[in-house]
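# Examining the three-dimensional arrangement
The lines below spell out each chain.
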Amino acid sequence: MNILYATSEAAPFVKTGGLGDVGASFPPALAKEDVSVRVILPLYESIAPVWREQMRFVMSIYVRLSWRSLYCGLFELTRGDVTYYFLDNEYYFKRRELYGHFDDGERFAFFSKAVLDSLPELDWKPDIIHCNDWQTALIPIYLRSLKNKALNGIRTVFTIHNIEYQGRFGREIVSDVFGLPETLVENGTLEFMGGVSLMKGALILADRITTVSPTYAGELSYAYYAHGLEGIIAANAHKLTGILNGIDQTLYDPESDANLEENFSSLDLSGKAKNKRALQRLLHLNENADIPVVAVVSRLVSHKGMDLIAAKLSQMMELNVQFVVLGRGDWQYEQQFLNAQSRYPGRVSANILYSAGLAMKIYAGADIFLMPSQAEPCGLSQMISMRYGAVPIVRETGGLRDTVPAYDEKSGAGNGFTFKNYNADDMLAALTAACRLYSEKDRWQKLSAANMTVDFSWGRSARAYRALFEELTAGGSDA
């Protein structure tokens, strides 16, 4: 079985967030399931020379995009069991940032069309193109709308990583930029709130739809989570499957992570205690093993629950905890956390930046990891925190609900502390319960060690995707 994984980012080449992590870890895991996997993404300016030096030029083609005829170079690199293709056009991709440009619709329309136009020129044909988020949503739309006999038989799977970002544009862009027939707007395939939504079109025209956790798949039937697409989700529910993302457990491994003061394992947590002391020293916190360190590594925005934390920060500090935050985001939260650092010297550390190395030190040194999101399609941070022995506190939503069963004090079952309603008092109650258990060292260490052994590897997800791919190729299209 041949799978082409189309994505706008994939680590280690280029990454802005969780999509890049998935692009790094999922294709190699799928390749281990005896699937031929190739990944295709843009050749951005930010891709480092160390990777460019390993690329081989394959060919160049001209891509028709409405009235435009545009150069596209294709480069190839093999890493492990996966072949990576990079599509080159300096006008579209030689820019400092991946996203946020005035012509993002045109840029990713070019990318999507170039993916399809390049396939007939290769000596390899995919059975399925696996598309990810709005930047690749035009692939199933082009495949179904612009008939090309050379692409006959190719199926599409479209994965929603975050439905909030839909690729919404004015309807005037459809024919002039995308080169698509206006009938796709008139018949409702693309039309959305007076404009167009590329994700809506992909949900209708893709053969299968997946999203990144079973709970999130169910949540998308509600308007609160679906951002206007709940009706389309309901109409296409027969195609929708929720498959939980994983993490790279080789990369996120406290036994070998070079960022740590000392490596440690679930069998010996003494190294975690040393990492806690090192973190306290590094961040100018009072060195005290008996005070729980509560950590947040996140974008500092309301969507991630920062309004709840800001509302209850003074009450949190009354619990005799230390609070560490790492991330950037809305100015109001950045300032609130910086003010708290001044108000609580030696107890609060506000790091308004993003550093991968510091993030790992925080995961390893923290006792409690706080993640009170409004919505979380999957979430990786709670899995990473558990891998490093930090006990998570999460709201029961999306992948947080699927990965953090609530701790039961009587039986000892469960992995963390949870709350259902998006409510600051409920979050504080969960933190209070966690601090109470923290005072019982033996029970706390047992929970911390058990969390480190939970299997969050990509193997389970890859097997689920392979089963879905096999069903699709055997049964044909439902779109």
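Model, not experiment: these values are computed from the prediction. (Residues numbered from 1 in each chain as written. Predicted model: local features only at pLDDT ≥ 70, side-chain atom pairs only at ≥ 80, totals over all residues. Heavy atoms only, no water.)

This brings us to the nonpolar core. Looking at soluble globular proteins, one finds that nonpolar side chains tend to be buried together. Core analysis: the biggest nonpolar cluster contains 96 residues, and Phe86 and Ile160 have the highest contact counts within it. Tallying contributions element by element places helix H4 (residues 104-118) first for this core, with seven residues. Discounting residues that sit within four places of it in the chain, Ile160 has contacts with Asp133, Met199, Leu203, Ile209, Thr210, Thr211, Val212, Tyr216, Leu220 and Ile233. Within the second largest apolar cluster, 38 residues are counted, among which are Val321, Phe323, Tyr333 and Ala350. (Core = buried A, V, L, I, M, F, W, Y, C linked by side-chain atoms within 4.5 Å. Buried < 20%, exposed > 50% of the residue type's maximum accessible area, 1.4 Å probe, protein only. Helix = DSSP H or I, 4+ residues; strand = E, 2+ residues; numbered from the N terminus. Contact = heavy atoms within 4.5 Å.)

To continue, consider the layout of surface pockets. Remark: the empty space left among the atoms is shown by a probe the size of a water molecule rolled over them. Taken as a whole, the second largest pocket spans an internal volume of roughly 270 Å³. Lining the second largest pocket are 14 residues, and of these Ala273, Lys276, Asp367, Tyr438 and Gln445 sit closest to its centre. Its residues assigned to classes, the lining of the second largest pocket comprises five nonpolar, three polar and six charged. (1 Å grid on protein atoms, 1.4 Å probe; cavity = no way out; pocket = protein on both sides within 12 Å on 5 of 7 lines; lining within 4 Å. Points joined across faces, edges and corners; volume = space filled by probe spheres on them. Nonpolar A, V, L, I, M, F, W, Y, C, P; charged D, E, K, R; others polar.)

Okay, the packing of aromatic side chains next. A complete count under the given rule lists 25 aromatic pairs for this structure. Taking 5.6 Å as the distance between ring centres and 55 degrees as the angle between the ring planes, the aromatic pair formed by Tyr5 and Phe26 counts as tilted. Of the two residues, Tyr5 is situated in strand E1 (residues 2-6) and Phe26 in helix H1 (residues 18-31); the sequence distance between them amounts to 21 residues. What makes Tyr5 buried here is its relative accessible area of 1%. The class of Phe26 is buried, set by a relative accessible area of 2%. Where Phe57 meets Phe75, the ring centres are 5.3 Å apart and the plane angle is 70 degrees; that geometry is what we call edge-to-face. Note that Phe57 is positioned in strand E3 (residues 56-65) and Phe75 in strand E4 (residues 68-79), a separation of 18 residues in sequence. (Phe/Tyr/Trp six-rings, centres within 6.5 Å; stacked < 30°, edge-to-face > 60°.)

On to the pairing of E1. When you tally the buried positions in E1, you get four out of five residues, the bulk of the element. Here E1 pairs with strand E2 (residues 36-42) via five bridges, running parallel. Among the inter-strand pairings, Tyr5 is bridged to a residue of E2, identified as Val39. The parallel pair E1 and E2 is bridged by H1, and the resulting crossover is right-handed. For E1 and strand E6 (residues 128-132), the ladder comprises four bridges, and the chain directions are parallel. Pairing of Ile3 across the sheet is with Ile128, part of E6. (Pairing = 2+ DSSP bridges. Right-handed = clockwise from strand over helix to strand, strands pointing away.)

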